[in-house]
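# Structure at a glance
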Amino acid sequence: MLKLGIIGTGWISASFVEAAQMTKKYHLEAVYSRHLESALSFSEDFSHVSLYENLDEFLMHDMDMIYIASPNAVHFEQAKKAIEAGHHIIVEKPAFSNPSELNEIISLANEKKVLFFEAARNIHEHAFEVIHEFLADKKVIGADFTYSKYSSKMPALLRGEVPNKFNAKYSGGLLADLGVYLLYAAVYWFGNPKSATYDAVILESGVDLSGIGSLDYGTFKVALKCAGNFNSYLPCEIYTTTGTLVLDSVNAIKSAKFIKNDGGVETIKIIPAKHPLIDEANHFAEIYETRETPSSCYLYKDLQDTAKDVAQISYQMRRAAGIVFDADQN
Ligand SMILES: NC(=O)c1ccc[n+]([C@@H]2O[C@H](COP(=O)([O-])OP(=O)(O)OC[C@H]3O[C@@H](n4cnc5c(N)ncnc54)[C@H](OP(=O)(O)O)[C@@H]3O)[C@@H](O)[C@H]2O)c1
């Protein structure tokens, strides 16, 4: 059993712990929160969990893997400290504010011989691989991906507050949130685009509330849309020379059908995961357990390369829209 440490006690940490428990590969070992009472209520359903409100003391605890789910801009310092203390880490997406931070962490992790994973859950879904294989013998000539969801932080934003999620100080905005899933889908299925642009609705806080992006692959383009102030029920589509692949989403995919140019429909069998984070939790544990084997090394390197590509494209798009994070000044 992997001894799991948690940084940040928001709902996504609770969800990750739930998924980790379902894999039967992790045991909740220690929790760090800025407030001991939050760590206590977070872990009340578990026994023998060590609780900390001092990060340095938490990092001295014996753990195999630390999951970091604090606001985006806080990840870098926490990840650095965790790696320096010798821990393997899983960092919620977007792992870091910009490519420089990501590259620094990857170098440090390699130097200290620990694993770093970005928790971009969709590329770990079994369905992602099914779609990848389905596209293998097709020629892609375009795609249209959308992910817009009314945020639970919208009421606070409308009251005039600036939640971390919508704050440049915390490297927020929609491209750095739901947009990450769209970029992972594009990079995983189509590779690295030649260039990328983004046109966004910018909040007073300096980050994007919604936006429309375009990835240029030379022979085709991919349209991306994300928003935090409304729900979209549009499907995602991948256009090929022989037909259109229609997905209900590029995250937590539940249905996929290929509508051929002659009108015939082929349904692709998708088995939805039992929990939205279970595939990534399983994947991280498997790579950790077999980290010395060539196949795991290859897979791990592939994940890092994809994370680097996504971070670079996201940065390019963000700068095209004039979005500057406080972390970019460092
Ligand atoms: N994979 C997914 O589906 C998914 C979904 C949602 C969010 N996320 C990612 O998870 C991360 C957290 O998102 P969130 O919306 O939960 O963020 P959040 O509510 O702003 O913060 C999460 C936790 O971080 C700690 N925290 C808050 N402000 C902090 C600060 N200024 N300094 C240090 N720690 C602070 C708090 O825990 P304590 O009070 O215990 O310290 C808080 O509960 C983000 O990177 C986000 O992109 C991923």
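Residues numbered from 1 in each chain as written. Predicted model: local features only at pLDDT ≥ 70, side-chain atom pairs only at ≥ 80, totals over all residues. Heavy atoms only, no water.

### What to know about helix α6 (residues 126-135)
Residues three or four positions apart in an α-helix share a direction because the helix packs 3.6 residues into each turn. Within α6 the residues assigned to the buried category are Ala 127, Phe 128, Val 130, Ile 131, Phe 134 and Leu 135. Viewed end-on, α6 has its buried residues packed into an arc of 160°, placing them on one side of the element. In this fold, the buried residues of α6 make contact with β7 (140-148), α8 (178-190), β11 (236-240), β12 (243-247), β13 (256-260) and β14 (265-268). (Buried < 20%, exposed > 50% of the residue type's maximum accessible area, 1.4 Å probe, protein only. Helix = DSSP H or I, 4+ residues; strand = E, 2+ residues; numbered from the N terminus. Arc of directions from axis to C-beta. Contact = heavy atoms within 4.5 Å.)

### Some thoughts on the domain arrangement of the protein
We note that the domain assignment places domain 1 (2-121) and domain 2 (123-278 + 309-329) within the protein. Computed over C-alpha atoms only, the centres of domain 1 and domain 2 are separated by 25 Å. On the side of domain 2, 26 residues touch domain 1, which itself brings 21 residues to the contact. Both faces considered, domain 1 and domain 2 share a buried interface measuring about 2,100 Å² in area, 60% of it formed by carbon and sulfur atoms. Together, Lys 93, Pro 99 and Arg 121 form the three largest contributors to the area buried by domain 1 at its contact with domain 2, with a combined 35%. Applying the counting rule to domain 1 against domain 2 returns one salt bridge. The salt bridge involving Asp 177 is made with Lys 93; its shortest N-O contact spans 2.7 Å. Going through the elements one at a time, α1 (11-23), α4 (72-84) and α5 (99-111) are the ones with two or more residues in the side of domain 1 that touches domain 2. Tallied by class, the residues present in the side of domain 1 that touches domain 2 amount to 11 nonpolar, five polar and five charged. (Domains from an automatic or database assignment. Buried area = accessible area lost by both parts, 1.4 Å probe. Salt bridge = Lys/Arg side-chain N within 4 Å of Asp/Glu carboxyl O. Nonpolar A, V, L, I, M, F, W, Y, C, P; charged D, E, K, R; others polar.)

### Describing the UniProt feature "domain: GFO/IDH/MocA-like oxidoreductase" (unreviewed entry) in the protein
Under the local residue numbering, the UniProt record ascribes the feature "domain: GFO/IDH/MocA-like oxidoreductase" (unreviewed entry) to residues 160-245. In residues 160-245, helix accounts for 15% and strand for 37%; the two terminal C-alpha atoms are 41 Å from one another. (UniProt positions renumbered as here; feature names shortened; annotations may be inferred.)

### A closer look at the sheet that holds strand β8 (residues 195-202)
Spatially, the eight strands line up as an open sheet ordered β8-β9-β10-β7-β11-β12-β13-β14, and their pairing is mixed. This sheet does not close on itself; its edge strands, each paired only once, are β8 and β14. Between one strand axis and the next, the sheet turns by 15° as a mean value, whatever way the strands run. Across six bridges, β7 lies against strand β10 (residues 221-227) in parallel orientation. Looking across to β10, one finds that Thr 146 is bridged to Lys 225. Most of the contacts of α6 go to β12, to which it runs at about 180°, and overall it touches β7, β11, β12, β13 and β14. Strand contacts of helix α10 (residues 294-320): β8, β9 (208-216) and β10, with the helix running at about 50° to β8, the strand carrying the most contacts. (Pairing = 2+ DSSP bridges. Axes fitted to C-alpha atoms, helices over the stretch in contact; angles between N-to-C directions.)

### Quick look at the state of the cysteines
Two cysteines form a disulfide when their sulfur atoms are joined by a covalent bond. This structure, assessed with the given rule, holds zero disulfides. Distance from the sulfur of Cys 236, which forms no disulfide, to the nearest cysteine sulfur (Cys 226) is 12 Å. The exposure class assigned to Cys 236 is buried, which follows from its relative accessible area of 1%. (Disulfide = S-S within 2.5 Å.)

### Structural notes on the packing of α1 against helix α9 (residues 278-289)
Viewed as axis vectors pointing N to C, α1 and α9 meet at an angle of 60°, and their least axial separation amounts to 8 Å. Relative to α9, the element α1 lies oblique. α9 is crossed by α1, and the crossing has right-handed handedness. On α9, the residues touching Phe 16, Ala 19, Ala 20, Met 22 and Thr 23 of α1 are Ile 278, Glu 280, Ala 281 and Asn 282. For the contact of α1 with α9, the class distribution of residues is six nonpolar, two polar and one charged. (Parallel < 35°, antiparallel > 145°, perpendicular 65-115°, else oblique. Left-handed = near helix turned anticlockwise from the far one by under 90°.)

### Concerning the packing of aromatic side chains
The final tally for this structure, using the stated rule, is 17 aromatic pairs. On the numbers, 5.5 Å between centres and 50° between planes, the contact of Phe 128 with Tyr 188 is tilted. You can see Phe 128 sitting in helix α6 and its partner Tyr 188 sitting in helix α8, a full 60 residues away along the chain. A residue is classified by how much of its surface remains accessible, and Tyr 188, at 22% relative accessible area, is partly exposed. Taken together, a centroid distance of 5.7 Å and an interplanar angle of 50° make the contact between Tyr 147 and Tyr 181 tilted. Pair noted here: Tyr 147 is in strand β7 and Tyr 181 is in helix α8, with a separation of 34 residues, a long-range link. Both residues of the pair, Tyr 147 and Tyr 181, belong to the buried class. Each residue in the set Phe 128, Phe 145, Tyr 188, Trp 189, Phe 190, Tyr 217 and Phe 220 is aromatic and connected to the rest through ring pairs, giving one cluster. Positioned over the ring face of Phe 134 is Lys 138, at 3.8 Å from the centre of the ring. Directly above the ring of Phe 258 sits Lys 138, whose terminal nitrogen or CZ lies 5.5 Å from the centroid. (Phe/Tyr/Trp six-rings, centres within 6.5 Å; stacked < 30°, edge-to-face > 60°. Lys NZ or Arg CZ within 6 Å of the ring centre and 35° of its normal.)

### Let's talk about the pairing of β12
Note on strand geometry: in a regular strand, side chains alternate between the two faces of the sheet. Extensive coverage of β12 is indicated by the burial of four of its five residues. One ladder, built from four bridges, connects β11 with β12; its direction is antiparallel. Note that in β12 the partner of Tyr 239 across the bridge is Thr 244. Turn length for the β11-β12 hairpin, with the two strands adjacent in sequence and antiparallel, is two residues. The sheet contact formed by β12 and β13 spans five bridges and is antiparallel. Its bridge partner lying in β13, Leu 245 is registered against Phe 258.

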